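# Coordinates in review
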Amino acid sequence: MNDRPDKVPADENIAPSPSLQSLRIDFYRKFLKRHEGRRHSSWMFNMMARRKYYAPLAQASIVLCRESLKAEGMTEQKFLNLLELLEYKASQWTDFKTGKRLPREACVCYMTANILDEKMAFFLHFEEMSRQVKDLGMGCDSLDNSKAVSSVTRRYKSCLEKSSIRDYVKLDVDTKDPICLSQLSSTLHENGIEVAFTVETRGGAHVLIPCGQDLKHLYELEKRVTTELGKQGTWLTIESPKSSPRLAVPGMYQSEFLPQLTVAEFNWRKVAHDSKEQ
């Protein structure tokens with residue numbers, strides 16, 4: 001069984017490099033800090049392993065660990081500590097197919113793009129548990145059943161992830177091709193679509209667009225691209241807040257690539273140029 005501690009052991013030296021730390025701090029101050037003290041609100045962070053990054057992986061993807069970060073009482077240091085804990089937990093996993101510890105390049109860290117409503121999650125969780133309490137073995141004689149309690153915790157986290165406050169629509173841009181990026185950039189500019197945040201990812205970008213804007217032309221572009229290339233080949237996917245979209249966490253490795261935050265406008269030309277150089 002994989003060990004999943006609640007904190008990084010004191011004798012483990014996993015301090016991030018100054019460059020990683022600065023990316024994480026920059027992300028916190030620009031994206032998360034404004035929510036400090038917000039009551040009944042959280043984000044969920046998932047550390048995952050993906051066969052896309054590491055071919056020997058036993059499954060297509062594995063959720064290695066999940067941790068929530070409450071906005072009330074949140075500080076920059078608590079955020080940094082959480083990321084270090086996620087890294088440590090992931091480093092302790094053993095792949096049952098190979099019997100070996102997972103390398104860093106197998107992993108990626110995602111967080112919910114929208115802040116989550118804990119009250120909404122509580123009522124959703126209550127409804128689910130009311131329907132499934134017998135299956136969980138939570139009768140009067142088994143309240144100390146560790147498996148049942150663990151299952152309850154997992155189910156609550158799942159409910160929390162479904163309880164997005166609808167701040168942003170996410171664009172999953174899965175390309176760095178200059179022609180495709182030009183199409184997207186033109187659609188955004190010509191229709192006055194505001195971009196709030198962008199994270200450059202291994203294969204493209206995660207773009208957050210404030211809700212409440214007219215995205216008709218953006219959906220038309222998505223449909224055109226999907227029709228031309230098929231669902232497997234499309235490079236643009238629009239994810240509504242209802243689908244609980246996830247954001248690659250800046251300063252946390254996505255395989256061997258290091259995602260970085262860009263406030264508002266994505267530097268499409270630079271990304272396209274860098275892609276040509278590779």
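Just so it is clear, the model here is predicted, and its values are computed rather than measured.

## Description of the overall build of the chain
Looking only at helices and strands, one finds seven helices and twelve strands in the chain. For the chain, buried positions account for 47% of its 278 residues. Contacts spanning at least 24 positions in sequence make up 77% of the contacts within the chain whose residues lie at least 6 apart. With an accessible surface of roughly 15,000 Å², the chain has 50% of that area assigned to carbon and sulfur atoms.

## Some remarks on the packing of aromatic side chains
With the rule as written, the count across this model stands at seven aromatic pairs. With centroids separated by 5.2 Å and ring planes inclined at 15°, the aromatic side chains of F27 and F31 adopt a geometry described as stacked. Separated by four residues within a single helix, F27 and F31 lie in helix α1 (residues 18–32), roughly one turn from each other. As far as burial versus exposure is concerned, F27 and F31 are alike and both buried. Aromatic side chains F45 and F79 sit 6.2 Å apart centroid to centroid with 55° between the ring planes, which places their arrangement in the tilted category. Within this pair, whereas F45 is found in strand β1 (residues 41–50), its partner F79 is found in helix α2 (residues 76–91), the two being separated by 34 residues in sequence. Taken together, the aromatic side chains of F27, Y28, F31, F45, F79, Y168 and F197 make up a single cluster linked through ring pairs.

## Quick look at a nonpolar patch on the surface
On the surface, F122, F123 and F126 cluster together into a nonpolar patch covering about 360 Å² of accessible area. As for its placement among the helices and strands, F122 is situated in helix α3 (residues 118–132).

## Examining the confidence of the model for the chain
In this model, the chain carries an average pLDDT of 84, and 82% of its residues clear a pLDDT of 70 or more. Under a pLDDT of 50 for its full length, residues 268–273 has, in the predicted model, twelve contacts with residues more than four places off or in other chains.

## Details of helix α5 (residues 178–190)
Here α5 spans 18 Å end to end across 13 residues, near enough to the 18 Å set by a 1.5 Å rise per residue. Here α5 has its buried residues at C180, L181, L184, S185, T187 and L188. Buried residues of α5, viewed axially, fall in a sector of 160°; they line one side. With respect to the buried face of α5, the exposed residues turned more than 90 degrees away are I179, H189 and E190. Measuring from the side-chain oxygen of the N-cap residue of α5 to the backbone nitrogen of I179 gives 3.0 Å; that N-cap residue is D177. Following α5 by one or two positions, G192 adopts a phi angle in the positive range, close to 60°.

## Details of the side chain of N46
The topology assignment puts N46 in strand β1. Among the polar contacts made by the side chain of N46, one reaches the side chain of E161 at a distance of 2.9 Å. N46 has contacts with V63, C65, R66, V108, C109, Y110, E161 and R246, leaving out every residue within four places of it along the chain.

## Here's the deal with the packing of α1 against α2
Closest axis-to-axis distance for the α1/α2 pair is 10 Å, and the angle between their directions is 130°. As the angle between them shows, α1 and α2 are arranged oblique. Considering only the axes of α1 and α2, their crossing is right-handed. Of α2, the residues touching α1 (which contributes Q21, R24, I25, F27, Y28, R29 and L32) are E76, F79, L80, L83, E84 and E87. Broken down by class, the residue content of the contact of α1 with α2 amounts to seven nonpolar, one polar and five charged.

## Focus on the environment of E36
Position of E36 relative to the elements: it lies in the loop between α1 and β1. E36 sits in the partly exposed class, given a relative accessible area of 33%. Note: C-alpha distance between E36 and A71 (35 residues apart in sequence) is 5.2 Å. When near neighbours in sequence (up to four residues on either side) are disregarded, E36 contacts Y28, A71, M74, T75 and E76. Only 2.5 Å separates the side chain of E36 from the side chain of Y28, close enough to count as a polar contact.

Calculation criteria
- Residues numbered from 1 in each chain as written.
- Predicted model: local features only at pLDDT ≥ 70, side-chain atom pairs only at ≥ 80, totals over all residues.
- Heavy atoms only, no water.
- Helix = DSSP H or I, 4+ residues; strand = E, 2+ residues; numbered from the N terminus.
- Buried < 20%, exposed > 50% of the residue type's maximum accessible area, 1.4 Å probe, protein only.
- Contact = heavy atoms within 4.5 Å.
- Areas by Shrake-Rupley, 256 points an atom, 1.4 Å probe, with all protein chains shown as cover.
- Phe/Tyr/Trp six-rings, centres within 6.5 Å; stacked < 30°, edge-to-face > 60°.
- Patch = residues over 30% accessible without salt bridge, like charges linked within 9 Å, V, L, I, M, F, W, Y side chains within 5 Å.
- Salt bridge = Lys/Arg side-chain N within 4 Å of Asp/Glu carboxyl O.
- pLDDT = per-residue confidence, 0-100.
- Expected span 1.5 Å × (residues − 1).
- Arc of directions from axis to C-beta.
- Polar contact = N/O pair within 3.5 Å; in protein donor to acceptor, adjacent residues only side chain to side chain.
- Axes fitted to C-alpha atoms, helices over the stretch in contact; angles between N-to-C directions.
- Parallel < 35°, antiparallel > 145°, perpendicular 65-115°, else oblique.
- Left-handed = near helix turned anticlockwise from the far one by under 90°.
- Nonpolar A, V, L, I, M, F, W, Y, C, P; charged D, E, K, R; others polar.

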